[in-house]
Amino acid sequence: MARRSLRPQLNQIRQWVRQGRTDAWIAHQLEVTTQQIASFKRENELVADDVDTETGADFDDEIDLRAEDDALIAAELEAAQAAKAKAEAEAAEAKAKEDAARARARKQDAETDDDEDGDKPSRRRGRRGGRGRRKASAGPLEGTFDHGEEGYGLWLDPAVQDDPVYAEHWAGHRPVEITIEEDQIVIRRIGEDEDE
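Residues numbered from 1 in each chain as written. Predicted model: local features only at pLDDT ≥ 70, side-chain atom pairs only at ≥ 80, totals over all residues. Heavy atoms only, no water.

**Q** Run through the overall build of the protein, naming residues and quoting values.
**A** When its secondary structure is counted, the protein shows 5 helices and 4 strands. Starting at the N terminus and walking to the C terminus, you meet the elements of the protein as α-α-α-α-β-β-α-β-β. Across the 196 residues of the protein, 19% fall into the buried class. Across the protein, every contact between residues at least 6 apart in sequence was considered, and the portion connecting residues at least 24 apart equals 51%. Element-wise, carbon and sulfur atoms account for 48% of the exposed surface of the protein, whose accessible area totals about 15500 Å². (Helix = DSSP H or I, 4+ residues; strand = E, 2+ residues; numbered from the N terminus. Buried < 20%, exposed > 50% of the residue type's maximum accessible area, 1.4 Å probe, protein only. Contact = heavy atoms within 4.5 Å. Areas by Shrake-Rupley, 256 points an atom, 1.4 Å probe, with all protein chains shown as cover.)

As C-alpha cells, this is what we get:
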C-alpha cells in the first residue's frame, strides 16, 4: 500500500485508541497497514488510557472490543477468500464442461466423417488462396518443439488426429516450409498442385 498521511485522522485515531480498538481494526478502517498505525501511534504518543478522560468511563469494566474487532476482520477476510475460491471453482467447472463439449463435438465429427466416407464419393477440396471458408479447428492443441540426437522435431498432442482440419489438410507426409520469427514458428505446406 502507498503510505499516506494519517495526520487528518489524528482525533479519530485517538478516540479509537481510547475505546480500546486494535491496530488491525484501525488499519482496516483507514485502509492502511498495521505498521503505519503503530508508527503513527508512537510518533503522536497515543496510548490506550484505562479511563476515558471525556466520559470518565473505565474501559476495563466495559466490553473488550479488541476480540470483537479481530473476529470481524477475520470474518471479512475469510468471506473474501471463500468468494475467490468459489469463483475459481466455478471457472474450472465451466472450463471442464467446455472441454467435454469440444471432445464430444470432435467425436461426432469423426463419426460423421466415417459415415460419409462409405456412402458418398469423396468431395473435391476447394482452391487455395482463401476463396472458400474453412472449417475452424475445435480449439488449440498442445505440442512440444524438441531437439534430439537426430535433429529437431515437433511433437503434437495425440488429439490432433481427431481434429477435422488436420485430417482434411495435413494428415500424411507433407513437404513444408518453416519460417522462424521471434515469437512464433510458422509451418506452411509447399509443393502441392493448385487443384488441391
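Structure's up, so let's keep going.
**Q** Before we move on, can you summarise the packing of helix H2 (residues 23–30) against helix H3 (residues 34–43) with the specific residues and values?
**A** The contact between H2 and H3 brings their axes to 8 Å, and the two run at 110 degrees. Put simply, H2 runs roughly perpendicular to H3. Counting all contacts with H2, which are made through Asp23, Ala24, Ile26, Ala27 and Leu30, the residues of H3 involved are Thr34, Ile37, Ala38 and Lys41. In terms of residue class, the contact of H2 with H3 is made up of 6 nonpolar, 1 polar and 2 charged. (Axes fitted to C-alpha atoms, helices over the stretch in contact; angles between N-to-C directions. Parallel < 35°, antiparallel > 145°, perpendicular 65-115°, else oblique. Nonpolar A, V, L, I, M, F, W, Y, C, P; charged D, E, K, R; others polar.)

**Q** Can you lay out the pairing of strand S4 (residues 185–189) for me, pointing to particular residues and giving the numbers?
**A** Pairing of strand S3 (residues 176–180) with S4 involves 5 bridges; the strand directions are antiparallel. Pairing of Glu177 across the sheet is with Arg188, part of S4. From the end of S3 to the start of S4, which pair antiparallel, there are 4 residues. (Pairing = 2+ DSSP bridges.)

**Q** How would you summarise the nonpolar core if you had to cite specific residues and measurements?
**A** Proteins that are soluble and globular tend to have nonpolar side chains buried together. Of all hydrophobic cores here, the largest spans 14 residues; its most connected members are Leu6, Ile13, Ile26, Leu30, Val32, Ile37 and Phe40. Of all the secondary-structure elements, those providing two or more residues to this core are helix H1 (10–19), H2 and H3. (Core = buried A, V, L, I, M, F, W, Y, C linked by side-chain atoms within 4.5 Å.)

**Q** Could you give an account of the packing of aromatic side chains, with specific residues and numbers?
**A** In total, this model carries 1 aromatic pair according to the counting rule given. Taking the centre distance of 5.1 Å and the plane angle of 90 degrees together, the rings of Trp16 and Trp25 count as edge-to-face. Lying across the ring of Trp25, Arg21 places its NZ or CZ 4.2 Å from the centre. (Phe/Tyr/Trp six-rings, centres within 6.5 Å; stacked < 30°, edge-to-face > 60°. Lys NZ or Arg CZ within 6 Å of the ring centre and 35° of its normal.)

**Q** Tell me about the pattern of salt bridges, residues and numbers included.
**A** Inspection of every chain in the model, using the stated rule, returns 5 salt bridges. What emerges from the salt-bridge pattern is a single network uniting Lys95, Glu98, Asp99 and Arg102. (Salt bridge = Lys/Arg side-chain N within 4 Å of Asp/Glu carboxyl O.)

**Q** Pulling in residues and values, what's your account of the pairing of strand S2 (residues 151–156)?
**A** If a strand is regular, its side chains alternate between the two faces of the sheet. Sheet topology places strand S1 (residues 143–148) next to S2; 6 bridges connect them, and they run antiparallel. Within S2, the position partnered with Gly148 by the bridge is Gly151. Two successive antiparallel strands, S1 and S2, enclose a turn made up of 2 residues.

**Q** Can you tell me about H2, naming the residues and giving the values?
**A** Every buried residue of H2 is accounted for by Trp25, Ile26, Ala27 and Leu30. The first or second residue beyond H2 is Glu31, which carries a positive phi of 55 degrees.

**Q** Explain H1 residue by residue, including any values.
**A** Given 3.6 residues per helical turn, the α-helix brings residues three or four places apart onto the same face. The set of residues buried in H1 consists of Leu10, Ile13, Trp16, Val17 and Arg18. Buried residues along H1 sit in contact with H2 and H3.

**Q** Give a description of unusual backbone geometry that names residues and reports values.
**A** In this model, Glu31 sits at a positive phi of 55 degrees, which is unusual for a non-glycine residue. Structurally, Glu31 is set in the loop between H2 and H3. For Glu31, a relative accessible area of 60% translates into the label exposed. Residues other than glycine seldom take positive phi values, yet Glu45 does so here, at roughly 50 degrees. As for its position among the elements, Glu45 is in the loop between H3 and helix H4 (65–119). When its relative accessible area of 68% is taken as the criterion, Glu45 is described as exposed.

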